[in-house]
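One letter stands for each residue in the lines below.
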Amino acid sequence: MALTNEQYDSLMRLYNHKQMRNNQIVAYRTKELYSAIPSLTTLDQEVTDISISSISAMFDGADMSQTTASSKQKLAELKKKREHMIVDAGFPADYLEPPYDCPDCKDTGYINGKRCHCFKQAAINIVYKQSNISTILSKENFDAYDLTLFSDDYYEKENGLSARATAQKALEDAKNFVQNFKQDGGNLLLLGQTGCGKTFLSNCIAKALLDEGVSVIYFTAFELFDIFEKQVFKKNIDVADLHDQIFDCDLLIIDDLGTELPNSFTTSRLFQCLNERLLRNKSTIISTNYNLALLRDTYSERITSRIFSCYKIIEFLGEDIRMKKIINK
Ligand SMILES: [Zn+2]
């Protein structure tokens, strides 16, 4: 994905900031440990002395293989001793490990000169102005999925399942999707009326997968159609750059399909995009208030039946749980 210089600079500032934050935390904790465990200062001095003397020995032309082996052993012993001292004083063993947001690249954004998955996602967030995604996702995750919000005495006529049992099944399907994502990929079509928990569930999935380093783009159908339109009619360069990621990110979430103002052009672009993602084995989650019949009527039977045959359908029962959430707050 092409980033402008400005976007790249602001991303690098973000990473510098993370590294500075980590350094400050480690410096603060080191001070804290030294004052809580005074003998740690002596031990650390010993570590420094060993390192210096092995460097001096190297300059003096000593037999390095023996010198290195013995200092390595001493340093390993001291490291163990240090860990014991820290734990015995009531601190976690990894207290001086920097609290990385991404342990894979240690918050540098790069691994062996290649962009880390976290960098790719940060770039997506900046380009798609998804800056609020992490805030939403910090609240909406599987742990916050409250089944008691779904009624136990509201039943589906066809299969006899209550709204709660249906939501429970949806939750299990979503968790399975996450669990098998890296191996199987797959696509989901979430059906149900407004406020019945579709967006919440797709956010839970997004959160779980983002935590595993999967790149996720979230759009409402309205935003996505807007991008398709701008791409062609306004020749907007920034928007053209987005194109590739929409086809290529690991997971594309399209929320509220059916709330856009479809015309034959945007509709054909949508299905071109869905088709292209299927060909590239990239996953998509679509949520919609429409039922299957209405989807067919709106977007043409030929296209919808072919595309959606590659989607697992998760259906929710009526009832607006958003009101219940507000009342319970
Ligand atoms: Zn990373």
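Residues numbered from 1 in each chain as written. Predicted model: local features only at pLDDT ≥ 70, side-chain atom pairs only at ≥ 80, totals over all residues.

**Quick look at the overall build of the chain**
Note the threshold: Under the scheme used here, helices are H or I runs from DSSP no shorter than 4 residues and strands are E runs no shorter than 2 residues, and both carry numbers assigned from the N terminus. Partly exposed residues are those falling between the two cut-offs: more than 12 but fewer than 20 other C-beta atoms within 10 Å of their own, whereas 20 or more means buried and 12 or fewer means exposed, with C-beta atoms placed from the backbone. Once C-beta atoms are placed from the backbone, any two residues with those atoms within 7 Å are in contact.
Each helix and strand counted, the chain has 14 helices and 7 strands in total. For the chain, with 329 residues in total, the buried portion stands at 23%. For the chain, the proportion of contacts with a sequence separation of at least 24, taken over those separated by at least 6, is 76%.

**Overview of unusual backbone geometry**
Even without being glycine, Lys-106 reaches a positive phi, approximately 50°. If you trace the backbone, Lys-106 turns up in the loop between helix H3 (64-88) and strand S1 (110-111). We classify Lys-106 as partly exposed; it has 16 C-beta atoms within 10 Å. A positive phi is found at Asp-256, a non-glycine position, where the angle reads about 60°. Inspection of the secondary structure assignment puts Asp-256 in strand S5 (residues 251-257).

**A look at the packing of helix H1 (residues 5-36) against helix H4 (residues 117-127)**
Rule in force here: All axes are obtained by fitting lines to C-alpha atoms, using only the stretch in contact for helices, and the reported angles, taken between N-to-C directions, cover 0 to 180 degrees. Oblique is the label for every angle not falling under 35 degrees (roughly parallel), over 145 degrees (roughly antiparallel), or within 65 to 115 degrees (roughly perpendicular). In this scheme the crossing of two helices becomes right-handed for a clockwise turn of the near helix relative to the far one and left-handed for an anticlockwise turn of less than a right angle. When residues are sorted by character, Ala, Val, Leu, Ile, Met, Phe, Trp, Tyr, Cys and Pro go into the nonpolar class, Asp, Glu, Lys and Arg into the charged class, and all the rest, Gly among them, into the polar class.
Direction vectors running N to C along H1 and H4 enclose 130°, while the axes themselves pass 10 Å from each other. As summarised for this structure, H1 and H4 are arranged oblique, according to the angle between their axes. Crossing handedness for the pair H1 and H4: right-handed. From H1, Gln-7, Ser-10, Leu-11 and Leu-14 reach across to H4, where they touch Ala-122, Ala-123, Ile-126 and Val-127. For the contact of H1 with H4, the class distribution of residues is 6 nonpolar, 2 polar and no charged.

**Things to note about the pairing of strand S3 (residues 188-191)**
Which entries qualify depends on this criterion: Note on pairing: two strands pair once DSSP finds at least 2 bridges between them.
Of the strand pairs in this sheet, S3 and strand S6 (residues 283-288) are connected by 4 bridges, and their pairing is parallel. Of the residues in S6, the one forming a bridge with Leu-189 is Ile-286. Relative to strand S7 (residues 312-315), S3 runs parallel, the two sharing 4 bridges. Looking at the pairing, Leu-189 lines up with Ile-313 of S7.

**Considering the pairing of S5**
In plain terms, the rule: A crossover gets the label right-handed when its path from the first strand over the helix to the second runs clockwise, viewed with the strands pointing away from the viewer.
Along S5, 6 of the 7 residues are buried, which leaves the element largely enclosed by surrounding structure. Bridging between strand S4 (residues 216-220) and S5 involves 5 bridges; their strand directions are parallel. When the bridges of S5 are listed, Tyr-218 appears paired with Ile-253. Pairing of S5 with S6, which is carried by 5 bridges, proceeds in the parallel orientation. Bridge pairing links Leu-251 to Ser-283 in S6. With respect to chirality, the unit in which S5 leads through helix H11 (residues 264-279) into the neighbouring parallel S6 is right-handed.

**Digging into the packing of helix H12 (residues 292-299) against helix H13 (residues 301-308)**
Interhelical geometry of H12 versus H13 gives an angle of 130° and a closest axis separation of 7 Å. Taken as axis vectors, H12 and H13 run oblique relative to one another. When H12 is examined against H13, the residues Leu-295, Arg-296 and Tyr-299 are found in contact with a partner set consisting of Glu-301, Ile-303, Thr-304 and Ser-305. The residue inventory of the contact of H12 with H13, partitioned by class, reads 3 nonpolar, 2 polar and 2 charged.

**So, the sheet that holds S7**
Taken in spatial order, the 5 strands make up an open sheet running S4-S5-S6-S3-S7, and their pairing is parallel. Edge positions in the sheet fall to S4 and S7, since each has one partner strand and no second. The sheet shows a mean angle of 15° between the axes of neighbouring strands, taken without regard to direction.

**Re the nonpolar core**
Applicable threshold: The term nonpolar core refers to a group of buried residues, namely Ala, Val, Leu, Ile, Met, Phe, Trp, Tyr and Cys, whose C-beta atoms join them within 7 Å.
In this structure, Ile-205, Val-216, Leu-251 and Ile-253 are the most contacted members of the largest nonpolar core, which totals 37 residues. For this core, the secondary-structure elements that each account for two or more residues are helix H6 (163-179), S3, helix H8 (198-211), S4, helix H9 (221-233), S5 and S6. The leading source of residues in this core is H8, at 7 residues. Setting aside anything within four residues of it in sequence, one finds Leu-251 in contact with Leu-209, Val-214, Val-216, Ser-283 and Ile-285. Counting residues in each nonpolar core, the second largest holds 6 residues, with Cys-116, Cys-118, Ala-123 and Val-127 among its members.

**Description of the environment of Asn-22**
As for its position among the elements, Asn-22 is in helix H1. When sequence neighbours within four positions are dropped, the list of residues in contact with Asn-22 reads Pro-98, Pro-99, Tyr-100 and Asp-107.

**A short note on the confidence of the model for the chain**
For clarity, the threshold we go by: Every residue carries a pLDDT, the predictor's confidence in it, which falls somewhere between 0 and 100.
The share of residues in the chain with pLDDT of 70 or more is 86%, and the mean pLDDT across the chain is 83. S6 holds the highest mean pLDDT among the elements of the chain, 95, whereas helix H14 (residues 321-328) holds the lowest, 50.

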